[in-house]
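If you want the building blocks of each chain, they are given just below.
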Amino acid sequence: MGKDIFIRVTILLAIVSCSTPKRALTQSSSENDPIKNAIIDFSNTGKLYKKDSVFSVEMLGLSNDKNVIAVRIGKNNRKLLLTKDAKVGSKGKLPSRYIEKDGKLFFWWDDDYILTAKALSIFNKYDLLQDDKDGAIKIPDSFVDDSQKAVHYYFCKEDLSTYKKIITNKGIGYYDAPHLNCNNILNK
């Protein structure tokens, strides 16, 4: 009898713990919510999350489907060029948004949000900054690894808890995006 209860409780806890990330997702569609939802899922279900500590994030609208937002999360392979124009209060010179979670960094560009001293400090902490040496460097050190996989998330704009993800080494737009039935959400 006691063993039966133990097994049932263990199964129940496993089901609850597996569904927790989905419940943590927001349904709203404010500006950075798709990125936040992608990070929540990526950090709770992704094998790629365990392999690295710094991830670049990119959010795109899809030209062929205005009801879907795509978010890409992948390992960061490049330095951020610290020029004289990339200073606290500037916009669009360096990524300005980030989330630090469990000793890992996710960062992205937001041209409407100013670069803060805290963001510079975080980028420095993860050794992402490369000084431009008085304008002598034109392109930051980086490398491209075509075999490296990233996770692409496709969210319905009207309900961000409705999404699909693809793990691939291809860029968004270089394969057929998954179909999401976002029109049913609009008609509710």
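Right above here is the structure, for reference.
Below is a summary of the structure that appears in this document. (Residues numbered from 1 in each chain as written. Predicted model: local features only at pLDDT ≥ 70, side-chain atom pairs only at ≥ 80, totals over all residues. Heavy atoms only, no water.)

With that settled, consider the overall build of the protein. A count of helical and extended segments in the protein gives five helices and eight strands. Secondary structure elements of the protein occur, N-terminal to C-terminal, as α-α-α-β-β-β-β-β-α-β-β-β-α. Buried positions account for 38% of the 188 residues belonging to the protein. If you sum the accessible surface of the protein, you get close to 11,600 Å²; carbon and sulfur atoms cover 53% of it. (Helix = DSSP H or I, 4+ residues; strand = E, 2+ residues; numbered from the N terminus. Buried < 20%, exposed > 50% of the residue type's maximum accessible area, 1.4 Å probe, protein only. Areas by Shrake-Rupley, 256 points an atom, 1.4 Å probe, with all protein chains shown as cover.)

This next bit is on the environment of Q130. One can find Q130 in strand β6 (residues 129–131). With relative accessibility at 12%, the residue Q130 sits in the buried group. Separated by 50 residues in the primary sequence, Q130 and L80 have C-alpha atoms spaced 5.8 Å apart.

Right, let's get into the state of the cysteines. Taken as a whole, this structure holds one disulfide when the rule is applied. Two residues share a disulfide in this structure: C156 and C182, whose sulfurs sit 2.0 Å from each other. Measuring handedness by torsion sign, the sulfur bridge of C156 and C182 sits at about -85° and is left-handed. Linking C156 in strand β7 (residues 150–156) with C182 in helix α5 (residues 182–186), this pair joins segments that are 26 residues apart in sequence. The pair formed by C156 and C182 is uniform in burial state, with each residue classed as buried. (Disulfide = S-S within 2.5 Å.)

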